[in-house]
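Report on the structure
Read off the chains here:
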Amino acid sequence: MFDTIIGNKEIKINLEKSIKNGNLSHSYLFLGREGIGKKKIAREFAKSILCLGDKEKEGTECKSCLEFDTDNHPDFSIIQPEGNSLKIDQIRELQTRVSEKPIISAKKVYLIDDSDKMTTEAQNALLKTLEEPPEFVIIILIGSNESAFLTTIRSRCMILHFQPIPDEEIKNFLAKQYQMENISNTWLKTCQGSIGKAIELNGKIEIYQKVEEFVQHIAQANLLELWKKAEFLKEDKDQIGGLLDYMNVLFLSLAKEDYRYTKGIEIIENTKKRLKSNGNYDMSIDNLILQMKEQIR
Ligand SMILES: [Zn+2]
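Presented here is a report on the structure given in the accompanying data block. (Residues numbered from 1 in each chain as written. Predicted model: local features only at pLDDT ≥ 70, side-chain atom pairs only at ≥ 80, totals over all residues. Heavy atoms only, no water.)

In this structure, Phe-30 and Trp-187 are the most contacted members of the largest nonpolar core, which totals 64 residues. Top contributing element to this core by residue count: helix α13 (residues 240–255), with 8 residues. In contact with Phe-30, not counting residues within four places along its chain, are Leu-15, Lys-38, Ile-41, Ala-42, Phe-45, Ile-140, Leu-141, Ile-142, Gly-143, Leu-160 and Phe-162. Judged by nonpolar contacts, the second largest core, of 22 residues, contains Leu-31, Ile-112, Ala-125 and Leu-127. (Core = buried A, V, L, I, M, F, W, Y, C linked by side-chain atoms within 4.5 Å. Buried < 20%, exposed > 50% of the residue type's maximum accessible area, 1.4 Å probe, protein only. Helix = DSSP H or I, 4+ residues; strand = E, 2+ residues; numbered from the N terminus. Contact = heavy atoms within 4.5 Å.)

Bringing the packing of helix α14 (residues 262–276) against helix α15 (residues 281–295) into the picture now. Between α14 and α15, whose axes approach to 10 Å, the crossing angle comes to 165°. If you check the angle between α14 and α15, you find them roughly antiparallel. For α14 against α15, the interelement crossing comes out right-handed. Along its contact with α14, which presents Lys-263, Gly-264, Ile-267, Ile-268, Thr-271, Arg-274 and Leu-275, the element α15 presents Tyr-281, Ser-284, Asn-287, Leu-288, Gln-291, Met-292 and Gln-295. When grouped by side-chain class, the residues that make up the contact of α14 with α15 number 6 nonpolar, 6 polar and 2 charged. (Axes fitted to C-alpha atoms, helices over the stretch in contact; angles between N-to-C directions. Parallel < 35°, antiparallel > 145°, perpendicular 65-115°, else oblique. Left-handed = near helix turned anticlockwise from the far one by under 90°. Nonpolar A, V, L, I, M, F, W, Y, C, P; charged D, E, K, R; others polar.)

Located in the positive-phi region is Asp-71, a residue other than glycine, with phi close to 60°. Within the secondary structure, Asp-71 sits in the loop between α3 (63–69) and β2 (76–79). Phi at Asp-114 is positive, roughly 50°, even though this residue is not glycine. You can see Asp-114 is positioned in the loop between β3 (108–112) and α5 (120–131).

Let us now look at the pattern of salt bridges. Applying the stated criterion across every chain yields a total of 12 salt bridges. The salt bridge partner of Lys-234 is Asp-286, with a shortest N-O separation of 2.6 Å. Taken as a pair, Lys-234 in helix α12 (residues 231–235) and Asp-286 in helix α15 lie far apart in primary sequence, 52 residues in all. The class of Lys-234 is partly exposed, set by a relative accessible area of 29%. A salt bridge links Lys-272 to Asp-245, with the shortest nitrogen-to-oxygen separation between them at 2.8 Å. Here Lys-272, found in helix α14, pairs with Asp-245, found in helix α13; they are 27 residues apart in sequence, far enough to count as distant. Given the relative accessible area of 26%, Lys-272 is considered partly exposed. For Asp-245, a relative accessible area of 38% corresponds to the partly exposed category. Through salt bridges with shared partners, one network takes in Lys-47, Glu-61 and Asp-69. (Salt bridge = Lys/Arg side-chain N within 4 Å of Asp/Glu carboxyl O.)

Another aspect to go through is the coordination of the zinc ion. The protein atoms that coordinate the zinc ion are Cys-51 (SG), Cys-62 (SG) and Cys-65 (SG), at distances spanning 2.2 to 2.3 Å. As a motif over one chain, the donors of the zinc ion read C-x10-C-x2-C. Classification of Cys-62 as buried rests on a relative accessible area of 13%. With a relative accessible area of 5%, Cys-65 lands in the buried category. (Donors = N, O, S within 2.8 Å, 3.2 Å for Na, K, Ca; no water.)

What follows concerns the sheet that holds strand β4 (residues 137–143). Strand pairing in a sheet relies on backbone hydrogen bonds, with the paired strands running either antiparallel or parallel. If you trace the 5 strands from one edge of the open sheet to the other, you get β2-β3-β4-β1-β5, paired in parallel fashion. Each of the sheet's edge strands pairs with one partner strand only, and the pair in question is β2 and β5 (158–161). Between one strand axis and the next, the sheet turns through 15° on average, direction left out of account. The pairing of strand β1 (residues 27–31) with β5 spans 4 bridges and is parallel. If you follow Tyr-28 over to β5, its bridge partner there is Met-158. Running at roughly 170° to β4, helix α2 (residues 38–50) makes contact with β1, β2, β3 and β4 of the sheet. (Pairing = 2+ DSSP bridges.)

Written out as structure tokens, the structure reads:
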């Protein structure tokens, strides 16, 4: 059931088992950083819970699965923060309908995404449902910040800690799905085990390669050449935060072998400060290039 989702094998096996054995909890809390498959797995899990078919037989889609795939399933709801927080009114709305019997399936599943953004009032309201859920209801909370949850909420849920995806798995996934080859280890590190981030960065790989090329040439190239290599920094104002962060990652790994590169980290930090205090953009970048050339040689 989780064939297309990479990482977190143990969790997937346990969830599969619990469905097979009819051993489901009323409430789950999926914890872990962004982009490592929590929501994908939760959706597949929900689909499987709601499925009417014989779970042993694969490849057959029942009415429930079809409705699920077209986002029309009446027994499945997703609740998300409105604005910056998930408010008590949203939980109250859930509660007005929670005791209504399921329509297609034997169960009803509520998925509360970014549930760590629930206000305290919202959490306290939800607690009532978690304490006495209708027997056919399953609630899945998803969040990245464990400390944002009240202890009383946590103690009511089966907590699953999701792990970052190993670099090697991300690499294989990108090669297979996006035909991406020659992925550098540093680039993988920037993804921090998040497949979501890898996919987001995928479209930008060329510019990240330019960053690599720039950094590799600082010590040998003359100022004019270096200037040319850094032209993209001036063209991509919108992305500068990410590009500087990436430069930092490169410097950090280079500095392990060659202390000169620690200077680069300092220069980046200064540039960030300058940009934050609304320093002139082009001048800040010029300054960065000059400083790099002067201090790393
Ligand atoms: Zn089905």
